[in-house]
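# Fold and geometry: a report
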Amino acid sequence: MTSSQLRLETARLRLDLTPEVGGSVSGFDGLGREGWTPIFRRAAKGCTDALNSALYPLVPFFGRIRGGAFVCDGRRVILPPNMAGDLSPIHGEGWRNVWTIQRHDGQTAELAFLHEPGPWPWRYEARLNFALAEHTLRIDLSCKNLSSRRMPCGLGLHPFFNCGGSPTLSAKVSSNALADQVVCGRGLDDNHDGWSGEARVVWPRSRREVLMTCADATRLQVYAPPSGDFVCVEPVQNAIGALTAPQAQWPALGITLLDQGESTRLAASFEIRDF
């Protein structure tokens, strides 16, 4: 591992963190019948872009801001693009900045990112807490507004599940039930509302499943590019395009307005089961 990586480990799970690369996870592996195998895709050695990581945080918003502008409390906010080839800023700022290690031991770690006002005109602090138990990874993401003006916020996590072995996805959402669907390589980019807070990713051949639970998000984003290398199953709080909607609609679209000193959080767990 490089000096910028931090490893958490139990007898059956290991998690590699790369705080300097957007507070990202660079690997999450589990010990099973076939030895150590990747649960999330593994980032390449020396990876410097969270887009190529195993998981990264979405803070202070999820999705694109079309045209790069929105209005909050009568003030127009204009944001620059933050991803090559896309004119619309996407997924907030946490994934494009350096996080610092606040504490860690063999099974837990806390990372922090302090944002000073710029194009996003609010000062805020985001924190990421990781905890490994025997069969479970828990991630807790929070964001605290440190500015005197109200700040809009919607959080999420962006895990890249390994597509080796053709995993299936099951989840209950308002539009329909995703029941044991093979999603890898299908060219999906779907935002589902009314998510129950549980999703299962199952690798039938290796007889392993991950139960992802999150009580703090009612939306599930599923992204499965045609390449078939990974599938992203993302717990997210706000709808796509929420910030460009009229401010009166924000609560229904998952955007929280934080007063000075207020915070919001999203906690998710990933339980690994062999069957």
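Read on for an overview of the structure. Throughout, residues of each chain are indexed from 1 in the direction in which the sequence is written. Owing to the predicted nature of the model, reporting of local features is limited to residues with pLDDT of at least 70; listing and counting of side-chain atom pairs is limited to 80 or more, with chain, interface and lining totals taken over all residues. Side-chain descriptors were evaluated using all non-hydrogen atoms of the structure, hydrogens and water having been removed beforehand.

### Re the overall build of the protein chain
Counting secondary structure elements, the protein chain contains zero helices and 22 strands. Computation of the radius of gyration draws on C-alpha atoms, with the globule rule given as 2.2 Å multiplied by the number of residues to the power 0.38. Relative to a compact globule of 275 residues, whose C-alpha radius of gyration would be 19 Å, the protein chain shows 18 Å and is just as compact. In terms of its C-alpha atoms, the protein chain occupies a principal-axis envelope of roughly 55 × 45 × 35 Å. Burial classes follow relative accessibility: with a 1.4 Å probe on protein chains only, a residue under 20% of its type's maximum area counts as buried, one over 50% as exposed, and anything between as partly exposed. Burial analysis of the protein chain (275 residues in total) assigns 52% to the buried set. If you take every contact in the protein chain between residues at least 6 apart in sequence, the share linking residues at least 24 apart comes to 62%. With residues, only the protein chains shown are counted as cover, and all accessible areas are computed by Shrake-Rupley using a 1.4 Å probe. Just so you have it, the protein chain exposes about 11500 Å², and 48% of that area is on carbon and sulfur atoms. Distance from the positive charge centre (28 side chains) to the negative charge centre (28 side chains) of the protein chain: 1 Å. Helix numbering and strand numbering both begin at the N terminus, where a helix is a DSSP run of H or I of at least 4 residues and a strand a DSSP run of E of at least 2. In this description, contact between two residues means that some pair of their heavy atoms is separated by no more than 4.5 Å. By the counting scheme adopted, Arg and Lys are positive, Glu and Asp are negative, and His together with the chain ends is not counted. To locate a charge, take NZ of a lysine, CZ of an arginine, CG of an aspartate or CD of a glutamate.

### Considerations on the pairing of strand 8 (residues 100–104)
Two faces, one strand: in a regular strand the side chains alternate between the faces of the sheet. When DSSP finds at least two bridges between two strands, those strands are taken to pair. Where strand 8 lies against strand 9 (residues 108–115), four bridges are found, and the strand directions are antiparallel. The residue bridging T100 from the neighbouring strand is A112, located in strand 9. The hairpin formed by strand 8 and strand 9 contains three residues between the paired strands.

### Notes on the nonpolar core
For this analysis, a nonpolar core means a set of buried residues of the types Ala, Val, Leu, Ile, Met, Phe, Trp, Tyr and Cys, connected via side-chain atoms within 4.5 Å. In this structure, F70 and F270 are the most contacted members of the largest nonpolar core, which totals 68 residues. Here the element with the most residues in this core is strand 10 (residues 124–132); it accounts for five residues. If near-sequence neighbours (up to four positions away) are discounted, F70 is found in contact with I65, R75, R76, V77, L79, W120, W122, P152, L243, T244 and W250. By size, the runner-up hydrophobic cluster in this structure holds 12 residues, among which are L58, F62, F160 and V236.

### Re the state of the cysteines
Our working definition of a disulfide is a cysteine sulfur pair at a distance within 2.5 Å. As enumerated under the stated definition, the model contains one disulfide in all. Here C163 is linked by a disulfide to C184, with a sulfur-sulfur distance of 1.9 Å. Here the S-S torsion is close to -85°, and the disulfide linking C163 with C184 is therefore left-handed. Placement of C163 in the loop between strand 13 (156–162) and strand 14 (168–172) and of C184 in the loop between strand 15 (177–182) and strand 16 (188–192) is noted, with a sequence separation of 21 residues between them. Assigned by exposure class, C163 and C184 land together as buried. Between C232, a cysteine without a disulfide, and C163, which holds the nearest cysteine sulfur, the sulfur-to-sulfur distance is 8.9 Å.

### Details of the sheet that holds strand 10
Across the sheet, which stays open at both edges, the nine strands sit in the order 8-9-10-11-22-18-17-14-15 with antiparallel pairing between neighbours. On the outer flanks of this sheet lie strand 8 and strand 15, each paired with one strand and no other. Put simply, the sheet's adjacent strands are angled 15° from each other on average, direction ignored. Helix axes are fitted only over the stretch in contact, all axes being lines through C-alpha atoms; the angle between N-to-C directions runs from 0 to 180 degrees.

### Brief notes about the pattern of salt bridges
A pairing counts as a salt bridge when a side-chain nitrogen of Lys or Arg comes within 4 Å of a carboxyl oxygen of Asp or Glu. Scanning the entire structure with this criterion turns up 18 salt bridges. A salt bridge links E110 to R127, with the nearest nitrogen and oxygen atoms 3.3 Å apart. With a gap of 17 residues between them, E110 in strand 9 and R127 in strand 10 connect regions that are remote in the sequence. Overall, E110 belongs to the buried group, its relative accessible area being 14%. Two residues, R219 and D193, come together in a salt bridge whose shortest N-O distance is 3.9 Å. Here D193 lies in the loop between strand 16 and strand 17 (198–203) and R219 lies in strand 19 (residues 219–224), a separation of 26 residues in the sequence. One network of salt bridges, with partners in common, ties together R7, R14, D16, D29 and R42.

### Things to note about the environment of G67
Here G67 shows up in the loop between strand 5 (55–58) and strand 6 (69–72). Note on G67: relative accessible area 69%, which makes it exposed.

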